[in-house]
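Report on the structure
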Amino acid sequence: MYKSLKPILEQELAAAKENGTYKVERVLESPQGREITVGGKKYLNFCANNYLGLSGTELMEKASEEAVKKWGYGLASVRFICGTQTIHKDLERSVAELVGTEDAVLYSSCFMANVGLFQTFFTDQDAIISDELNHASIIDAVRLTKSERHVFKHMDMNDLESKLQETRSKRLKVIATDGVFSMDGDIAPLKEICDLADKYEALVMVDDAHAVGVMGKNGGGTPEECGVADRVDFVTGTFGKALGGAGGAFTATRKEAADYLRNRSRTYLFSNSLDTAVTGASLWLIDYLKSHPEYRERLWANTKLFRELMKKNGFTVSDAQHPITPIMLGDEKKAVEMAKALFDEGIYVIGFAFPVVPKGKARIRVQVSAAHTKEDIEKAVEKFTLVGKRFGVV
Ligand SMILES: *Cc1c(COP(=O)(O)O)cnc(C)c1O
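First things first, this report covers the structure right here in the doc. Note that the structure is a prediction, hence the values are computed from the model and not measured. Counting starts from 1 at the beginning of each chain's written sequence and moves along it residue by residue. Only residues with pLDDT of at least 70 are given local features in this predicted model, and only at 80 or more are side-chain atom pairs given and counted; all residues enter the totals for whole chains, interfaces and linings. Heavy atoms throughout the structure, all of them, feed into the side-chain values; hydrogens and water do not.

1. What about helix 1 (residues 2-19)?
Runs of E in the DSSP output that reach at least two residues are strands. Runs of H or I that reach at least four are helices, and both are numbered from the N terminus. Under the convention used throughout, the expected extent of a helix is 1.5 Å for every residue step, that is, one less than its residue count. The terminal C-alpha atoms of helix 1, which comprises 18 residues, lie 26 Å apart, in line with the 26 Å expected from a rise of 1.5 Å per residue. At the exit of helix 1 stands Gly20, carrying a positive phi of roughly 80°.

2. Quick word on the site of the ligand
By convention in these notes, a residue is near a molecule or strand provided one of its non-hydrogen atoms lies within 4 Å of it. In the neighbourhood of the ligand, the contacting residues comprise Ser109, Cys110, Phe111, His135, Ser137, Asp178, Asp207, Ala209, His210, Thr238 and Lys241. The backbone of Cys110 places a nitrogen or oxygen atom 2.8 Å from an oxygen atom of the ligand. Residues adjacent in sequence count toward polar contacts only when both atoms are side-chain atoms; beyond that, a polar contact is any pair of N or O atoms within 3.5 Å, and within protein one must be able to donate a hydrogen and the other to accept it. Between the ligand and Thr238, the relevant distance is 2.8 Å, taken from an oxygen atom to a side-chain nitrogen or oxygen of the residue. Relative to its free-state accessible area of 390 Å², the ligand is covered by the protein chains to the extent of 83%. Of the residues in the shell around the ligand, the class split is three nonpolar, five polar and three charged. Note that accessible areas follow from Shrake-Rupley with a 1.4 Å probe, and for residues the cover is restricted to the protein chains shown. Polar here means any residue other than Ala, Val, Leu, Ile, Met, Phe, Trp, Tyr, Cys and Pro, which are nonpolar, and Asp, Glu, Lys and Arg, which are charged; Gly is therefore polar.

3. Concerning the nonpolar core
With 53 residues, the main nonpolar core has Val95, Leu160 and Phe239 as its most contacted residues. These domain boundaries are the output of an automatic or database domain assignment. Summarising the domain contributions, this core has at least three residues from each of domain 1 (2-56 + 293-390) and domain 2 (72-290). The contacts of Val95, once residues within four sequence positions are left out, are Ala104, Phe239, Phe250, Ala252 and Ile286. For the purposes of this section, nonpolar cores are sets of buried Ala, Val, Leu, Ile, Met, Phe, Trp, Tyr and Cys residues that join through side-chain atoms within 4.5 Å. Burial classes: relative accessible area under 20% of the type maximum marks a residue as buried, over 50% as exposed, and values in between as partly exposed (1.4 Å probe, protein chains only). Only heavy atoms enter the contact rule, under which two residues are in contact if any of them lie within 4.5 Å.

Structure (structure tokens):
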């Protein structure tokens, strides 16, 4: 009886519209890229996770086309029945090499990788210790376990240590953290986390969705960046952000742990094989990037330029070293309205306010891409300054 549900939904949706949390999806009439078309008008795009600028390119189109031609459209099977092709095994090896682990296991999304991780390894005898700003997929994944749950203050190593002390008697302890946090672009102190993990015999899990392909000399992510690739036990990551942007994901881990996931992880076992377009194209891309460091170099040059120009023009830019660049405004209304005004000026950015970010920490989040030209960056700064003056921010 839909009749019973309908009024509840209507009330909830009306409340969301009232308090400003109702989400409206902007419809793109073009591929993803530095420039997108919305409502027949072109906008410079500064809010995609398209860090290397590869999403929407002919390169990815061709790589996926070739994969589909050779391997077919899809497998109509899970991996362990008859859904494993050569490309799946090759991609798993390739990811493991990129991240610096012994093996990797493919998932349809990083959300599913996270959900399929904790409940597979951790029971009611164990404890999971999670950063308070971890991604929703980690939070939900942890809820699906029977393990004891502890939350430590964001990147606070003293608080983490006290949680490790509290859970000393548990069979297993695992520290779970995002590698890069999506709202601030700040990077988890993995060296310190691994040191504490050693001291208290805990495992370390890093969700590196915003960092694989981006951070580290070879794009191996935050463990490579922090010099702890051999000390992190589980790394989850996505092909849906820097690495092409279509979707698909992985858990990179140690040999036995990967073997165990293939045998027990429910979101792996009972979900279709990763599609051939994504599998083949991701495999091609990881190899291609080995001899094309210029994508990452351009990304970092653009990030540096944008941050410098924004600071020079009087904006408050957080110090995090990531293409995620939050422009701090504080005032909730200002953040949302300024983002709207920037959109009218042809710059697509998103304003984030409470409850997505803490009260008083409203911001516009800018995401820089390797696809942006120097002129794009300069234009964005010029429009920010124009609109910022109008709003009394600079
Ligand atoms: C984007 C993101 C995910 C989800 O990745 P999908 O592959 O799109 O499911 C998971 N964790 C973090 C930290 C993310 O930023």
